[in-house]
Amino acid sequence: MSKRLPEDFIFGGATAAYQAEGATHTDGKGPVAWDKFLEDNYWYTAEPASDFYHQYPVDLALAEEFNLNGIRLSIAWSRIFPRGFGQVNQKGVDFYHALFKECLKRHIQPFVTLHHFDTPEELHAKGDFLNRETIDHFVDYAAFCFKEFPEVKYWTSFNEIGPIGEGQYLIGKFPPGIKYDLAKVFQSHHNMMVAHARAVKIFKDAGYPGEIGIVHALPSKYPFDKNNPADCRAAELEDIIHNKFLLDASLLGRYSQETLEGVEEILLANGGEMTILEADLSDLEAAKDLNDFLGINYYMSDWIRAFDGESQIGHNDKGEKGDSKYQIKGVGQREFEVDVPRTDWDWMIYPQGLYDQLMRIKKDYPDYKKIYITENGLGYKDKLVEETVMDDARIDYVRQHLEVVSDAIRDGVNVKGYFIWSLMDVFSWSNGYEKRYGLFYVDFETQKRYPKKSAYWYKELATNKIIQ
């Protein structure tokens, strides 16, 4: 029996400025740490990406043609403030006005993120969000955007604070490339949540129309052996690092005792301290009921064993299945050999994990207002044949995840929309151009777009609201 989604449901596509725009130094845009980090550490750069800076009218026309009514975009902070503060770059401001105007002309609601992994280089070099001055500069930038872009009705402060801290200070696949520093992970998480809280308060105090929220990546964590207390604790600690710490800050306005005890246990094993100021807790408390929505990015779940050895993480960047390794001292070890399908990049495909996260929000954070699934999709080595891609695996992946969204709505969770990652092919931060997610295939040499089979399937879904 086919499942339905609500008539007012938003069917969108997701993008991010640095992954899509290209034009990294065009029209006064300032540098970001990724520019040099990619050049030094990877086999690709952010040029040309999808050339969204010039191609956005093409992509938005396709989005309208395929019946999408929402798009996730981000503003590149360094297009507006090339140094992260100080002088405004008017050409950057003008670009985003033109972009948002085109969205609305195409009857597509822009959901706009202020920070999607791309702090301006000058601030990043001074410690990024480990430096509390960056909090102030972010809040100033947010206040500028709220006032400058009244055409935007849906704002997101940050995209995926969790993977930012993890990428920068745990795995080392993001600049500055530091590994296994759990104290920095938690401090970065915390300081960014304070920045979010202060930005939300400014938005609400000014009485701007529209909505504001935050987007968290929420990978579900399960004990490898649910009858083994040590595995259960390892899964709890992994959950604190990636989910609970951030959900507490966002929706409780404080860190629960269980969360703080878990952080203490992790730092005891790994060293370092985290500083939480009284003023920070006041900021979190003041903003906890002001979030209009929570965005959830969900791609995978993980199975965790207890582990007491030294930390070691091997990042699978080329899509060679079985290359991944993940173990954190005093926390746990991910087990990949479980009876669950996985992608070439060792991401475990488990739709039930999304359902479990949605029900967890309802149970543990009942004061949330509504949820958007702001990213979900399948990275694949797509092959263009006769001007299309027969991406049945992607269709199956999205179908299964939307079915559990429908189930969660039936079971009382207020989910109002779904944004497939990604609208068109973009480059992947640490996997390059080979890992594709888009509804529309991009020939990165010619910048021509080709609708995939999934685009036609998604159009039918957006039109009829029936999952089939």
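Structure's up top.
About the thresholds
Along every chain, residues carry numbers that run from 1 in the direction the sequence is written. Totals for whole chains, interfaces and linings use all residues, but because this is a predicted model, local features are given only for residues with pLDDT of at least 70 and pairs of side-chain atoms are given and counted only at 80 or more. The side-chain figures draw on all heavy atoms in the structure; neither hydrogens nor water molecules are used. Fitting a line to C-alpha atoms yields each axis, with helices limited to the stretch in contact; the angle taken between N-to-C directions then spans 0 to 180 degrees. Put simply, DSSP marks the helices as runs of H or I at least four residues long and the strands as runs of E at least two long, and each gets a number from the N terminus on. Roughly parallel here means an angle under 35 degrees, roughly antiparallel means over 145, roughly perpendicular means 65 to 115, and every remaining angle is called oblique. Helix crossings get a hand from a simple test, with the near helix turned counterclockwise from the far one by less than a right angle marking a left-handed crossing and a clockwise turn marking a right-handed one. Residues are treated as being in contact if the distance between any of their heavy atoms lies within 4.5 Å. Between buried and exposed lies partly exposed: a residue is buried under 20% and exposed over 50% of the maximum accessible area for its type, with that area taken using a 1.4 Å probe on protein chains only. Pairs of N or O atoms are called polar contacts if they sit within 3.5 Å, as long as, within protein, a hydrogen donor faces a hydrogen acceptor (for residues adjacent in sequence, only side-chain-to-side-chain pairs). For two strands to be treated as a pair, DSSP must find no fewer than two bridges joining them.

Caption draft 1: Region of interest: the packing of helix H9 (residues 182-205) against helix H12 (residues 278-287). Running from N to C, H9 and H12 cross one another at 50 degrees; their axes reach a closest spacing of 8 Å. Relative to H12, the element H9 is oriented oblique. At the point where H9 passes H12, the crossing takes the left-handed sense. On H12, the residues that touch His190, Met193, Val194, Ala197, Arg198 and Lys201 of H9 are Asp280, Asp283, Leu284, Ala286 and Ala287.

Caption draft 2: Examining the environment of Arg394 more closely. With respect to the helices, strands and loops of the structure, Arg394 is situated in helix H14 (residues 392-410). Overall, the relative accessible area of 2% leaves Arg394 in the buried class. The spacing of Arg394 and His116 is 278 residues in sequence and 24 Å in space, taken between C-alpha atoms. In this view, Arg394 contacts Leu378, Tyr380, Asp382, Arg436, Tyr437, Gly438, Lys452 and Ser454; residues no more than four positions away in its chain are not counted. Looking at Arg394, its side chain comes within polar contact range of the main-chain oxygen of Arg436, at 2.8 Å.

Caption draft 3: Here's a closer look at the sheet that holds strand E10 (residues 312-314). Spatially, the five strands line up as an open sheet ordered E7-E9-E12-E11-E10, and their pairing is mixed. Looking at which strands have only one partner, the edges of the open sheet turn out to be strand E7 (220-223) and E10. On average, adjacent strands in this sheet sit at an angle of 30 degrees to one another, irrespective of strand direction. Strand direction decides the pairing type here: E7 and strand E9 (residues 301-305), joined by four bridges, are parallel. Residue pairing for E9: Ser220 is matched across the bridge by Ser301.

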